[in-house]
Structures are given as structure tokens and as C-alpha cells.
Amino acid sequence: MLQIKNLHATVEGEEILRGIDLEIKPGEVHAIMGPNGSGKSTLSKVLAGNEGYEVTAGEILFEGKDLMELEPEDRAREGIFLGFQYPTEIPGVSNTYFLKAAVNAIRKYRGQDELDAMEFLKLVKERAKLLKLEDQLLNRPVNEGFSGGEKKRNEIFQMAVLEPKLAVLDEIDSGLDIDALKVVSDGVNAMRSADRGFLLITHYQRLLNYIQPDYVHVLVNGKIVKSGGKELAEELEKSGYALFEENAA
Amino acid sequence: MEQVASEPKNPYRDDFLVGLRSRRNEPVWLLERRQAALAAFERLGLPGKRWEAWRNLDLTPIADNRFPLLHTWGEIDDATVEAALGDVPDVYRMVFVDGFFSARHSALEGLPSGAAVLSLDEAMDAENPALERLGQAERTQQEPFLALNTAFMGDVALIHLGKGVVLDKPVVIVNLMSTKAEGRGVYPRTLVVAEEGAQASVVELFRSNTADAYLNVPVTEFYLDANAHISNYRVQEEGGEAFHLATVLARLERDATFTLHTLAVGGKTARTDIHVDLEGKGAEAELDGLYLAGDGQYVDHHTWVHHNTEHCNSRQRFKGVLDGKSETVFDGLVRVAPGAQKTDARQENRNLVLSPRGLAHSNPRLEIHADDVKCSHGSTTGELDREALFYMRARGIGERDAQALLTFAFVNEMLDTVRLEALKEYERELILRWLPGDETVREIQ
């Protein structure tokens, strides 16, 4: 589904990613862990197509298509979802309208009919329940005045409505208390399926107690320095990143 | 200095003399006011770059009477009238074509007693007492386009509300330009006199059937006696090559309230001067303006709000969106006269620039001559939030659609103060048509 080969990327001229190789197959959940500044968020932004990030070498293929050739909106329409570490507030645009515009833009791209108001509302209500989102949050402007936990739940709610093929979730656990973390994790787990891939990016091992990954990768200094099963996360929890940082240096 | 009587002092005088022939039925006092106004205009001349308030606006394309006065009017089909809020029931409607009153398109039946909505001829026949305010404003001596309109105004719209009269339906004044107006000057005039306790909404619509250049110089005056409450909605959607140089005057006595809501989307060069005089204690003015300037457009709003006595409030909120190579001006003065204590005046101007070639001038000004007042002003000019754009695109919304959504979000609150549902819908449609993006975003709720 996703193949990343020797990916190098820079931000404002500074190289952040220094040769990443990663393959995600349908149904797999991958977790990327790493210390601050290791390039975790850069990887997610590059995948989503943020123009502030420049790919200087390597390639990214999504279902065989060269991702670098696609605008951010077309990546989303192809089925990639980025859950933001810091979801953006959009004053004046209601959450529901925003999602409807997104759903229909994606459907149009895929040659499907747009959802009518009733169908859309039904879908939204159903998925909102999954994330325990109150109706009132649906009618408020996107993320405006939301608490940290509400913002993260809103991200997963959007994912649940958009039903992507690949979800890249950037620090979806940061800033959450344990109750909120459970809700978010339940939402993600409910969306796991044999044809959907996940890339979880996290700083903390704690998330992986709630969402069991198939693979764990340790990202240090712009490179994946170790890959393994979920036991790698436990190892990290005990030893910390220091050991890997030494190896990387 | 000696002058030869037959030699015109400027190219406007010939037009004036021709116009006089059709005004034989006008009372002497009105003809004298017209003459005084023409003399004032001749003395003032067209404002040039040396006038502080006019320095951004190039008036050379209209100099030397290049748009001579239109003496007759053209044809307008019913569909055009229909499109101009014409299908909205429950309004009193006055339609003017090229500045001439079209009784056939108008609907004024059922006015409550004490209320009169009349053209100039009708007002003269009825000897309506409010008429004497016409052309009386002192500013005629200082404002060239107010003077020019006073000299040239044709079929005036007069709205006279007697003491305590509350109009049950809004008055919609539709100013339409036919192809006849191409290359010509038109001078619509509206006079609203609201006596004590009277209340009404007045909608003014400026539309055209021609994409060619013409000059429209409308003036609207409001006289609000004690405790009168008037809302004025102005929608300016002139043709793409038009010059629109408008003046609004409002004079408020004790406890009167005046709310102005403008939407400016049309014209090549469009300017609206708004003068508000708060003369009586407790008077209150709210001015809301939204302007959308596309490629090649110049859109200008100047306001002068005079707090001439104590305990008056004023609030101004102007928002602009600029696309393509466009230029806008917001220049607003709040002047608090000596002794006008307990003044509460707020002024805000926000501009959203969608294109690197858009130029927004913002100049809120305060001139305070009293010490116990609350005055604030703010001004911002910015671009669309790049992070918000990326966030939307990352959800599959196309770039132009995302821009449209964010732009609509920026302007949407300006519709909140439109209290007439049909008008709100009309304005929303105008805004949505103006926005970038495809049809998907047109369903914005």
C-alpha cells in the first residue's frame, strides 16, 4: 500500500529526514517512535504534502502512484488521512459543513455521487457516537475553542467519517488524559480492518498499550535505526531513546 | 473679474441649463438650491490628489464632464426588475431607471397613514412638508459630488414618516441602469425624513444592465428626529466599467438610531462617503460595510462620524476582501466635539488579501476633543491562514474551494446584521457567486 524508499527531506534548507525506508501493507498497524526532533512529524507532513517540506531524494509510492506528484487534496482523495498533532482552528466554518465538503470532494474525485444531506447526517451521527462527540461540537466551527482532548477526538472522528485507506496519526495521544486516550484508541481500533493501514507516530509507549501495533520502528535523527514487533516498544520504555541515539551517532 | 454671461464657466453648466428646461414646475427655492450647488461645484472642482480624502482615487477618467447628464431614460425588461429583489413580496418598491422614476415597476400601495413614499413630482404636487429638506445640507458647499448631485438630481425618492409611524414593510429603492446610461452621468437622490418615534428600513440597490462605462453619483440623506429608528441597507453591484461615487448623510437627534449596512461588489471605481452627525443625546449609529474587490476594481469607503453632543454611541465595522489586482480604501474618522462627554465610539477595519496584487489601505482615525470618552479603533490586513488551508486540503478539499470556504467564513458574520431575510439571502448569493472555488462550496450554510 505505502512504500517509502530512501526518503530525504528538508525544512528551510535543513535536512530532517535522512534516508527512510518503510513499507506498510493493508491491514497493518505500524508505529514510529522517536525522541523530539527525530523527524517524526516531518514524515507525516511530507506524506500529507505540506509545501513547507521539500523532498530532496527518494520516493513515496501509494498504491503504486508517485505521491510526490499529487497535491495534498489529491492525496486525501486517494485515501490518505493525516491526523494532525496540532489540529488547526477554522473560525466561521462549522465542523459538519467542513466534513461534508471533504466527503463530497473525495466522492466526486472517485466518481461517486455526492451524499445528500440525510445520508451524510446519518453517517456523521453514527461516527460521532463512536468518538463520544457531543452534537454541539459538530455544529461549532472546526476545532475553535475545543479542548485538547476534543480536538484529538475530532481528528479521529473525521477519520471515521472519511474512511481512508491509510491513516497517518501524528501524536494523536499527546496531551490526552487516560480517559480521553481510551476514547481515541477505541475509535482507532474500531476502524482497524484488513484493508486499512495505519501509521501511528508517537513519543510515548503508552499509546501502544491501547492500540496494539504489528510493527514498531524507532526513528532517530531522521533515520529508522531499528524495527521490530510490539516488544520493541516495551524495550524502549525500559531503556529510553538514549541507547538508540548513541547507535545512530 | 468680468465674465461674459453666455460663456460657460465649465462643461457642466450647459447640461445644467438643458436640465432646467424640464424643471419649470419646481419651486423657486429648489431651483436656487440647485444653482447654489452648481456654483459650489464650480468653485470646488473635482477633488484632485491634493485633497487628503481623495488622494488614492484617480478622477481624471470622469473629468471635464466626460459623462454628460442623461436627459431621457432607457428600457428595462421585467426580468431585470425581477432579478433586483423584484420577486420579494411584502415590500414597498420604488424603481428608478437611469435615475428616472418608473411608476410602472413600482409598488407603493397600502402605506400606513402618516407615511409617504413619493417621487419629486408627486411630492411637489402633494406639497409634502419634508421636501423642504431637499438640498439643504450645509455640506453641499464642501463636497463636490454632493453638490453635483444636488444640481443635477432628477426624480428624487422622498420617504416621509410622520410622528410615530412605523413602516410595516421595508422600502426597497432599486436603481437600475439601462444601456441608455452608457457614457452618461446619472444622479439618483433619496431623501428620508423620519419624525419623532418613526421607524423604517430602507434598502437601496444599485444594479445595471450594461457592462459599459457610466457615472453614477447617488446621494441619500437621512433626517432622524428624536427617537426615530432607521436602517439603511445598500447593495452596490454596478456594471464592471462603472464609476459609482455615492454620498450618504445622516443627521440624528436625541435617542435616534441609524444602522447602515453596505455590500459593495460592483463597479470599476466605487466610492461611498458616509457622513453621520450625532446631534442629540443618546443618539446611536452602527455602520457595517463589506466590500469584495476583484481584479481591476477600486473600492473606497470614507466615513465621518461626528459626535457633536454627549452620551452618543457609534460602532463601525468594515471588512474587505481583495482578489486579483485590486485596491481598497477604508478611511474612517470619528470626531468627538468639545463637550461630547461619555462618547462611546468603536471602529474596526479588517481586510483579507487573497492575491499578492491586492492593495488595502486602512486608515481609522480618531479626533477627540473631550476627556471622558471611550474610543477604540483597530485595523488588520492579512492573508488566508496557510495552516488552515493545508488542513482543509489534507481532508480532500481543493485549494480554491478551501480559499472560498475560509473567505466566506471571514465575511459571513457581516450578514448577521441583515435583518431582512430575503435581502440576507440575496446578499449571500452575491457573495457566493463572487467567491473562488467550484459549485461544492456554494452550499455553505
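Described in the following lines is the structure provided in the data block. Nothing here was measured: the structure is a model prediction, and the numbers come from that model. (Residues numbered from 1 in each chain as written. Chains lettered and ligands numbered in written order. Predicted model: local features only at pLDDT ≥ 70, side-chain atom pairs only at ≥ 80, totals over all residues. Heavy atoms only, no water.)

Under the defined criterion, the tally for this structure stands at 46 salt bridges over all chains. For the salt bridge of D135 of chain A with K125 of chain A, the shortest nitrogen-to-oxygen distance reads 3.2 Å. Residue D135 of chain A is located in helix α5 (residues 135–139), and its partner K125 of chain A is located in helix α4 (residues 117–130); the two are separated by 10 residues in the primary sequence. Given a relative accessible area of 41%, D135 of chain A falls into the partly exposed group. Residue class for K125 of chain A comes out partly exposed when judged on its relative accessible area of 39%. Two residues, D288 of chain B and R317 of chain B, come together in a salt bridge whose shortest N-O distance is 3.0 Å. Highlighted residues: D288 of chain B in strand β15 (residues 284–293) and R317 of chain B in strand β17 (residues 313–322), separated in sequence by 29 residues. With respect to class, D288 of chain B is no different from R317 of chain B; both count as buried. (Salt bridge = Lys/Arg side-chain N within 4 Å of Asp/Glu carboxyl O. Helix = DSSP H or I, 4+ residues; strand = E, 2+ residues; numbered from the N terminus. Buried < 20%, exposed > 50% of the residue type's maximum accessible area, 1.4 Å probe, protein only.)

Let us now look at the sheet that holds strand β21 (residues 374–382) of chain B. Residue and element names in this part refer to chain B. Judged by pairing direction, the sheet is mixed, and its 10 strands sit side by side in the order β2-β1-β5-β8-β11-β13-β15-β17-β19-β21 without closing on themselves. Two strands bound the open sheet, and with one partner strand each, they are β2 (100–101) and β21. The pairing of strand β1 (residues 92–97) with strand β5 (residues 171–177) spans six bridges and is parallel. Among the inter-strand pairings, V97 is bridged to a residue of β5, identified as L176. Against the sheet, helix α7 (residues 399–412) contacts β15, β17 and β19 (344–353), and its axis sits at roughly 165° relative to β17. (Pairing = 2+ DSSP bridges. Contact = heavy atoms within 4.5 Å. Axes fitted to C-alpha atoms, helices over the stretch in contact; angles between N-to-C directions.)

Once that is clear, we can look at the pairing of strand β4 (residues 53–62) of chain A. All names here are of chain A. The sheet contact formed by strand β1 (residues 2–11) and β4 spans eight bridges and is antiparallel. Note that in β4 the partner of I4 across the bridge is I60. Remark: two residues form the turn of the hairpin made by β4 and strand β5 (residues 65–66), two consecutive strands paired antiparallel; E63 in that turn has positive phi of roughly 50°.

Function-wise, these values are silent; they only describe arrangement.
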